[in-house]
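Breakdown of the fold
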Amino acid sequence: MKTLVLRLQRLYLRFFEGVDYLRSPFLLAVRLYWGWQLVQSGWGKLHNLDRVTDYFTSLSLPMPARMAVIISCVELFGGIFLALGLLSRLTALVLTVNLIAAYIIGDREALLSIFSDPDKFYAAAPYTFLVASLIVLIFGAGKASLDTLLERLLGPPDAKASASPL
């Protein structure tokens, strides 16, 4: 019985060692696909600022014209940074905040239906962007990213230097 348990434990460990090899390719695919989608969304908004401004005005956002430019740039440049894996977690944090705000301000009904009608929540425009941003925020960019390249070139941040006061 003990040998069976040990054999199952080894199989379990080998299986998840193999699955770990898929982490970076998965993160690369998420970053490339959703980064590109964000670039397209931001680009489209920048080229239709009048419509975006009108929409933001209908939501009673303060300074709707400025907000239209800011949100468009967050999506455009956030998508570029996400796809490249540059400043990934910071970018993902900004995008996450932006997308949660999009739910709260622009699609409150879908947000409030998260438990009563989950399909409405999942179908809302911010959902997939939010999930992609959260994945990168939580797991990082993976090995195939500019973040990893820069860390290799510059070295990891020194813990002692970051702990010392300015």
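Criteria and cut-off values
- Residues numbered from 1 in each chain as written.
- Predicted model: local features only at pLDDT ≥ 70, side-chain atom pairs only at ≥ 80, totals over all residues.
- Heavy atoms only, no water.
- Salt bridge = Lys/Arg side-chain N within 4 Å of Asp/Glu carboxyl O.
- Helix = DSSP H or I, 4+ residues; strand = E, 2+ residues; numbered from the N terminus.
- Buried < 20%, exposed > 50% of the residue type's maximum accessible area, 1.4 Å probe, protein only.
- Patch = residues over 30% accessible without salt bridge, like charges linked within 9 Å, V, L, I, M, F, W, Y side chains within 5 Å.
- Areas by Shrake-Rupley, 256 points an atom, 1.4 Å probe, with all protein chains shown as cover.
- Contact = heavy atoms within 4.5 Å.
- Core = buried A, V, L, I, M, F, W, Y, C linked by side-chain atoms within 4.5 Å.
- Phe/Tyr/Trp six-rings, centres within 6.5 Å; stacked < 30°, edge-to-face > 60°.
- Axes fitted to C-alpha atoms, helices over the stretch in contact; angles between N-to-C directions.
- Left-handed = near helix turned anticlockwise from the far one by under 90°.
- Nonpolar A, V, L, I, M, F, W, Y, C, P; charged D, E, K, R; others polar.

Comments concerning the pattern of salt bridges
On inspection of all chains with the given rule, the structure shows 3 salt bridges. A salt bridge links Asp 20 to Arg 23; its shortest N-O distance comes to 3.1 Å. Ionic pairing is found between Lys 120 and Glu 109, a salt bridge with its closest N-O pair at 2.6 Å. Of the two residues, Lys 120 sits in helix 7 (residues 118-123) while Glu 109 sits in helix 6 (residues 108-112), which places them 11 residues apart along the sequence. On the basis of relative accessible area, Lys 120 is assigned to the partly exposed category, the value being 33%. For Glu 109, a relative accessible area of 55% gives the class exposed.

Some details on a nonpolar patch on the surface
Residues Phe 77, Ile 80, Leu 84, Leu 146, Leu 149, Leu 150, Leu 153 and Leu 154 make up a contiguous nonpolar surface patch of roughly 740 Å² in combined accessible area. Broken down by element, the residue count for the nonpolar patch peaks at 5 residues, all from helix 9 (residues 146-154). With respect to the helices, strands and loops of the structure, Ile 80 is situated in helix 4 (residues 64-84).

Looking at the environment of Ala 83
Tracing the chain through its elements places Ala 83 in helix 4. C-alpha separation for the pair Ala 83 and Trp 34, spaced 49 residues apart in sequence, amounts to 7.5 Å. Once residues lying within four places of it in the same chain are set aside, the contact partners of Ala 83 are Arg 31, Leu 32 and Gly 35.

A closer look at the nonpolar core
Counting residues in each nonpolar core, the largest one holds 14 residues, and the members touching the most others are Leu 38, Leu 82, Tyr 103 and Val 136. Every element with two or more residues in this core is listed here: helix 2 (23-46), helix 5 (88-106) and helix 8 (126-139). Excluding residues that lie within four positions of it along the chain, Tyr 103 makes contacts with Arg 108, Ala 110, Leu 111, Phe 121, Ala 124, Pro 126, Tyr 127 and Leu 130.

Things to note about the packing of aromatic side chains
Per the counting criterion, the structure on display carries 9 aromatic pairs. Between Trp 34 and Phe 129 the ring centres are 5.5 Å apart and the planes differ by 80°, which places this aromatic pair in the edge-to-face class. Pair noted here: Trp 34 is in helix 2 and Phe 129 is in helix 8, with a separation of 95 residues, a long-range link. Classification of Trp 34 as partly exposed rests on a relative accessible area of 21%. We classify Phe 129 as buried; its relative accessible area is 15%. Within the aromatic cluster, the residues linked to one another by ring pairs are Tyr 103, Phe 121, Tyr 122 and Tyr 127.

Let's talk about the packing of helix 4 against helix 5
Contact pair helix 4 / helix 5: the axes reach a minimum separation of 10 Å and the direction vectors enclose 145°. Both helix 4 and helix 5 take part in a crossing whose hand is left-handed. For the pair formed by helix 4 and helix 5, the contact residues are Ile 71, Val 74, Glu 75, Gly 78, Phe 81 and Leu 82 on the first element and Thr 91, Val 94, Leu 95 and Asn 98 on the second. Looking at the contact of helix 4 with helix 5 residue by residue, the class counts come to 6 nonpolar, 3 polar and 1 charged.

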